[in-house]
Amino acid sequence: MKTDAKQECLLKTIMMYSFVIDEIALYLDTHKTCAEGLAYFRKYRDLYNEAVKKYVEEYGPLNYRQSKAEKSWDWTDGKWPWEKED
Amino acid sequence: MNNTNALRMPESAMPDKLSLAMAYVPFQYWEKPYAENIAFSRGTIFQSLDFPFIGEEAVPDENRR
């Protein structure tokens, strides 16, 4: 399964959302009732879940818990992360 | 501490007189975060926490070996 540009871009978006969620989680640890912070978290949590859902539907599981595991163990079907086109 | 009321300023947030030998970290206030792509490259969502390591530029020329 060739990793196309669209897949790379979606994966990067997932990483970006994942990063900002980690950041806001650290802030909210010390600012439990900050309305802006909570709204920011909810926004990117939803964006993140959406992007992951889209990625998994289109390109397969990102972690093995997302495997369909119907006909075969699809977790190992895709390219390994280190298998890059040269 | 599970205070559920509005964002209450902890008393220690802005002590008027800082005491000797006690470290003090100012309380962080909300600010508009960087856009997520900027945040991703800067390594933080908050501009006021964006401290790039500037290495030897920080050392005035005469002090450099």
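Our subject is the structure listed above.
Caption draft 1: Spatial organisation of the interface of chain A and chain B. Contacts between the two partners involve 17 residues from chain A and, on the opposite side, 19 residues from chain B. Overall, the association of chain A and chain B removes approximately 1600 Å² of surface from exposure, summing both partners, and the carbon and sulfur fraction of that is 73%. Counting residues per element, the ones that place at least two in the side of chain A that touches chain B are α1 (5-30) and α2 (35-59) of chain A. For the side of chain A that touches chain B, the leading source of residues is α1(A), giving ten residues. Split by residue class, the side of chain A that touches chain B holds ten nonpolar, four polar and three charged.

Caption draft 2: Inspection of the pattern of salt bridges at higher detail. Residue and element names in this part refer to chain A. Inspection of the entire model under this criterion finds four salt bridges over all chains. Asp46 is the salt-bridge partner of Arg45, the closest N and O atoms lying 2.8 Å from each other. A relative accessible area of 41% means that Asp46 is categorised as partly exposed. For Glu57, the salt bridge identified is with Lys53, shortest N-O distance 3.3 Å.

Scoring rules and cut-offs
Residues numbered from 1 in each chain as written. Chains lettered and ligands numbered in written order. Predicted model: local features only at pLDDT ≥ 70, side-chain atom pairs only at ≥ 80, totals over all residues. Heavy atoms only, no water. Contact = heavy atoms within 4.5 Å. Buried area = accessible area lost by both parts, 1.4 Å probe. Helix = DSSP H or I, 4+ residues; strand = E, 2+ residues; numbered from the N terminus. Nonpolar A, V, L, I, M, F, W, Y, C, P; charged D, E, K, R; others polar. Salt bridge = Lys/Arg side-chain N within 4 Å of Asp/Glu carboxyl O. Buried < 20%, exposed > 50% of the residue type's maximum accessible area, 1.4 Å probe, protein only.

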